[in-house]
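Descriptive structure summary
Residue-level listing of the chains:
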Amino acid sequence: IVITYKSTPSLSITNSPVTYNGSPQAVVLSASFGVTPVAGTFSNILYNGSATIPTNAGSYPIVADFTPTDTANYNSVTNVAVGTFVINKATPTLSASGGPFTFDGSPHAATVTGSVPGSVSNIKYNGSATAPTDAGTYAVTADFAPTDVTNYNTLTNGLAGNFLINKAATTTTVTCAAGPF
């Protein structure tokens, strides 16, 4: 008598981590036995105990069932802890607007906004907190605290772009003295 035992596939997550994008993001699972892929169907996928596909950044322990296509050689598995599916926080961007200005002897400031709602602080021009007066191109950086701290990272010295103050046009006045030349 020859006894043949079925193999039990292992399940794994193939798309973690992902980055928060505001939409539900589903885990992608695979099954294998050793290095051999095992075809089949996943079902009853749970994210931290819920069947709802998550949207928010966080870590979600995954449990799933798997039925192999080849049931003669592979066992089905039920309620298997697969691993943790991670949705990372997204990083907002900053942009500087205003100008370009023409040098007029007065300081000029950029307006810095974030790509998501939040608070901008600590605006710097080439590393200085003083709004520039002189003509030149200034790299603008700022700190940013998003309103939604669950899904977005805060920024420290985030690059917002360049801010420009152009040179003033020069005016030349020639005065001639009256008289014979």
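It should be noted that the structure appears before, not after, this text.
Residues numbered from 1 in each chain as written. Predicted model: local features only at pLDDT ≥ 70, side-chain atom pairs only at ≥ 80, totals over all residues. Heavy atoms only, no water.

Description of the nonpolar core
In a soluble, globular protein the nonpolar side chains are often hidden away together inside. Counting 33 residues, the largest nonpolar core has Ile62, Phe85, Ile87, Leu94, Val140 and Phe163 as the members making the most contacts within it. Looking at this core, the elements that each hand over two or more residues are β3 (29-33), β6 (58-68), β7 (77-88), β12 (136-146) and β13 (155-166). If near-sequence neighbours (up to four positions away) are discounted, Ile62 is found in contact with Ile13, Val27, Leu29, Ile45, Leu46, Tyr47, Val80, Ala81, Val82, Gly83 and Phe85. (Core = buried A, V, L, I, M, F, W, Y, C linked by side-chain atoms within 4.5 Å. Buried < 20%, exposed > 50% of the residue type's maximum accessible area, 1.4 Å probe, protein only. Helix = DSSP H or I, 4+ residues; strand = E, 2+ residues; numbered from the N terminus. Contact = heavy atoms within 4.5 Å.)

Here we look at the side chain of Asn15
Note on placement: Asn15 falls in the loop between β1 (10-13) and β2 (18-19). Overall, the relative accessible area of 19% leaves Asn15 in the buried class. For Asn15, the side chain forms a polar contact with the main-chain oxygen of Ala26, separated by 3.1 Å. A polar atom in the side chain of Asn15 sits 2.8 Å from the backbone nitrogen of Val28. Every residue in contact with Asn15, bar those within four places of it in the chain, is listed here: Ala26, Val27, Val28 and Phe85. (Polar contact = N/O pair within 3.5 Å; in protein donor to acceptor, adjacent residues only side chain to side chain.)

As for the packing of aromatic side chains
By the definition in use, this model includes six aromatic pairs. Look at Tyr125 and Phe163: their rings are 5.8 Å apart centre to centre, the planes differ by 55 degrees, and that puts the pair in the tilted class. Of the two residues, Tyr125 sits in strand β11 (residues 118-125) while Phe163 sits in strand β13, which places them 38 residues apart along the sequence. No difference in accessibility class separates Tyr125 from Phe163, as the two residues are buried. Following the ring pairs from residue to residue traces out a cluster consisting of Phe101, Tyr125 and Phe163. (Phe/Tyr/Trp six-rings, centres within 6.5 Å; stacked < 30°, edge-to-face > 60°.)

A short note on the side chain of His108
Checked against the element boundaries, His108 lands in the loop between β9 (101-102) and β10 (111-114). Engagement of the side chain of His108 in a polar contact is seen with the side chain of Asp104, the distance being 3.0 Å. Apart from the residues within four sequence positions on either side, His108 is in contact with Phe101, Thr102, Ala131, Pro132, Phe163 and Ile165.

Points about the sheet that holds β3
Strands sit in the order β1-β3-β4 across an open sheet of three strands; the sheet is antiparallel. Since the sheet does not close on itself, it has two edges, and those belong to β1 and β4 (36-37), each with one partner. Bridge count between β3 and β4: two bridges; the pairing is antiparallel. Bridge pairing in β4 places Phe33 opposite Thr36. (Pairing = 2+ DSSP bridges.)

Things to note about the sheet that holds β11
Through backbone hydrogen bonds, the strands of a sheet pair up, either in parallel or in antiparallel fashion. Spatially, four strands are ordered β9-β13-β12-β11 in an open sheet, and the strand pairing comes out mixed. In the strand order of this sheet, the two ends are held by β9 and β11, each with one partner. Pairing of β11 with β12 involves six bridges; the strand directions are antiparallel. The residue bridging Tyr125 from the neighbouring strand is Val140, located in β12.

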